[in-house]
Amino acid sequence: MKSRLSYAPFVAALIAAGSLAVPAFAAEADSLSEPQVRELLTKQGYTRIDDLEFDDGMWETDATSADGNRVDLRVDARGKVYAEDVVSNFTAEDIKAKVTAAGYSKVHDVDYDDGVWKAEAERDDGNNIEVRVDAKTGRILAVEND
């Protein structure tokens with residue numbers, strides 16, 4: 001009888017150690033599906049949900065809010081909705097400090113857009129990334145290869 005050799009534990013160890021790169025699209029597998037995002041937004045009162053696409057670790061769309069206004073929205077992997085009119089609790093310098101504290105270096109191009117902070121940075125392995133940060137909590141929402 002032949003024994004089967006499984007590479008899964010070896011691959012998992014390499015990923016955990018940072019020795020094996022995980023493709024940028026891997027974040028999409030952990031995210032909600034397009035129908036789930038549409039259902040979530042509809043339940044929250046949004047209509048005319050247009051141009052829904054997964055980009056940089058989050059779902060992005062244009063929709064009509066319950067009060068009839070067109071808004072740009074982002075939805076993270078956990079299903080939290082970020083509207084463009086969200087007022088941030090943080091400054092660009094605060095976000096730069098949070099991203100640096102999370103272990104990233106050379107943080108630059110910090111920008112607030114559609115209710116979410118974005119920053120360019122570098123991993124310790126030298127790869128460039130884009131980091132998305134919650135405007136209310138300062139929690140890192142997504143990290144994508146740049």
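Caption draft 1: Spatial organisation of the pairing of strand β1 (residues 47-55). Pairing of β1 with strand β2 (residues 58-64), which is carried by 5 bridges, proceeds in the antiparallel orientation. Counted as the bridge partner of phenylalanine 54 is tryptophan 59 from β2. Connecting the antiparallel pair β1 and β2 is a turn made up of 2 residues, with aspartate 56 showing a positive phi of about 55°.

Caption draft 2: Fine view of the packing of aromatic side chains. Scanning the model with the defined rule gives 2 aromatic pairs in all. Residues phenylalanine 54 and tryptophan 59 carry aromatic rings whose centres are separated by 5.3 Å and whose planes lie at 70° to one another, so their mutual orientation is edge-to-face. For the pair tyrosine 112 and tryptophan 117, a centre-to-centre distance of 5.0 Å together with 50° between the ring planes defines the contact as tilted.

Caption draft 3: Representation of the environment of aspartate 146 within the structure. Mapped onto the elements, aspartate 146 comes out in the segment after β8 (140-145). Distance from aspartate 146 to glutamate 130, taken between C-alpha atoms, is 5.8 Å for residues 16 residues apart in sequence. Setting aside chain neighbours within four positions, we find aspartate 146 in contact with Glu120, Asn128, Ile129 and Glu130.

Caption draft 4: Quick peek at the side chain of arginine 74. By the secondary structure assignment, arginine 74 is in strand β3 (residues 70-75). Judged by relative accessible area, which is 3%, arginine 74 ranks as buried. Polar side-chain contacts of arginine 74 include one of 3.4 Å to the side chain of aspartate 114.

Caption draft 5: The pairing of strand β7 (residues 128-134), seen in detail. Most of β7 is tucked away: 6 of the 7 residues are buried. By the bridge criterion, 7 bridges tie strand β6 (residues 116-122) to β7 in an arrangement that is antiparallel. When the bridges of β7 are listed, glutamate 120 appears paired with glutamate 130. Here β7 pairs with β8 via 5 bridges, running antiparallel. Residue pairing for β8: isoleucine 129 is matched across the bridge by asparagine 145. Hairpin connection between β7 and β8: a loop of 5 residues separates the two successive antiparallel strands, and glycine 138 in this loop has a positive phi of roughly 80°.

Rules of the game
- Residues numbered from 1 in each chain as written.
- Predicted model: local features only at pLDDT ≥ 70, side-chain atom pairs only at ≥ 80, totals over all residues.
- Heavy atoms only, no water.
- Pairing = 2+ DSSP bridges.
- Helix = DSSP H or I, 4+ residues; strand = E, 2+ residues; numbered from the N terminus.
- Phe/Tyr/Trp six-rings, centres within 6.5 Å; stacked < 30°, edge-to-face > 60°.
- Contact = heavy atoms within 4.5 Å.
- Buried < 20%, exposed > 50% of the residue type's maximum accessible area, 1.4 Å probe, protein only.
- Polar contact = N/O pair within 3.5 Å; in protein donor to acceptor, adjacent residues only side chain to side chain.

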